[in-house]
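Coordinate analysis (summary)
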Amino acid sequence: MLQFGKIAVIGAGNTAYTLCKLLKSKGIEPFCVFVRNPEKAEKVRQDLGVEVVSDYENVLKTDLAIIAVNDDAISEVATHLTDYKGLAVHTSGTKPAELLNRTMRFGVFYPLQTMSKEREISFDEIPLLIYANSPDDVEMLSKFASQFSKKVVFCDDEQRKAIHLAAVFVSNFTNVMLGIGDKLLKDNGLSLDVMRPLVQEMIKKSFEISPKDALTGPARRNDFSTIGEHEKMLDNYPDELAIYMILTDYIIENYKNNEKL
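Presented here is an overview of the structure given in this document.

Quick notes on the rules
Every chain is numbered on its own, with residues counted from 1 as its sequence reads. Confidence filtering applies because this is a predicted model: local features only for residues at pLDDT of at least 70, side-chain atom pairs given and counted only at 80 or more, and all residues used for totals across whole chains, interfaces and linings. To obtain the side-chain values, all non-hydrogen atoms of the structure were included, while hydrogens and water were left out. Helix and strand labels come from DSSP, where a helix needs a run of H or I of at least four residues and a strand needs a run of E of at least two; each type is numbered from the N terminus. Partly exposed describes any residue whose relative accessible area lies between the buried limit of under 20% and the exposed limit of over 50%, with all areas from a 1.4 Å probe on protein chains only and scaled to the type maximum. Should any heavy atoms of two residues lie within 4.5 Å, those residues are considered in contact. Definition used for salt bridges: Asp or Glu carboxyl oxygen within 4 Å of a side-chain nitrogen of Lys or Arg. In this scheme, strands are said to pair when DSSP sees at least two bridges between them.

1. A look at the side chain of Glu240
- Relative to the elements of secondary structure, Glu240 occurs in helix H9 (residues 238-254).
- Glu240 sits in the buried class, given a relative accessible area of 14%.
- Not counting residues within four places of it along the chain, the set of residues in contact with Glu240 comprises Ile180, Lys183 and Leu234.

Structure follows, in structure tokens:
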């Protein structure tokens, strides 16, 4: 087991919980978890079995501080780390590493995964996107991340922002599409589970042969008769109809020079 000294986790949300559980699963006991609200401290202590603090005194004693707070709170946390001698990293997909430049050593440790307090997830195949402002800390952070995942990726702020934007499309928006499907099915006395094999095969095929080559459906084959029927069925769902029409037009426009299926 590689040793990286004392580790602090700052935050009490989904990411902080998940990372604390991840550390403990590898036999790494966090030195402390910083929780700003003292009223939440006891619950975090009971949930995670860690030392919880509500001042920065113990954080400043650590060698690595993982800042797992909302994006808008990162700058405020940084104001308390001006005297920090360790490596401070945040876990944001969009905020620049420079938000932490009040410290001499700073970087990013961003897990590319959706996280919830209640769910246990394996990090073996989860990309961990890292950055640090010195080559030595890049090497240290890479070794640290490699304890948890086989996919450690160095990327700068712009690359990480592009990955985060793409993730919104492929994960968040996909989830919304599933929600719309769930709504339409429930309104007709059906379960979303009927879609499970279709969704799983489409995702698998998209990663194997590319999303563009995997796409099928009425818009892809210019089946305007079916598209018209779908639009009529959505008369009582104005928001969903608008989404359907935008995506249908997008597909028709982007595939107009390709052969029909």
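There's more to say after this.
2. So, the pattern of salt bridges
- On inspection of all chains with the given rule, the structure shows 15 salt bridges.
- Lys150 serves as the salt-bridge partner of Glu125, at 3.6 Å between the closest nitrogen and oxygen. Taken as a pair, Glu125 in the loop between strand S6 (106-111) and strand S7 (128-132) and Lys150 in the loop between helix H4 (135-146) and strand S8 (152-154) lie far apart in primary sequence, 25 residues in all.
- Note that Arg160 is salt-bridged to Asp157, the shortest N-O span being 2.3 Å. Of this pair, Arg160 and Asp157 both sit in helix H5 (residues 157-186), three residues apart, roughly one helical turn. The pair formed by Arg160 and Asp157 is uniform in burial state, with each residue classed as buried.
- Linked by salt bridges that have partners in common, Glu125, Lys150 and Lys151 make up one network.

3. A look at the pairing of strand S5 (residues 87-90)
- Neither face of S5 is open: one carries Leu87 and Val89, the other Ala88 and His90, and all of them are buried.
- In this structure, strand S4 (residues 64-67) lies alongside S5, joined through four bridges in parallel fashion. Across the sheet, Ile66 pairs through a bridge with Val89, a residue of S5.
- Here S5 pairs with S6 via three bridges, running parallel. Following the sheet pairing, Val89 is matched in S6 by Gly107.

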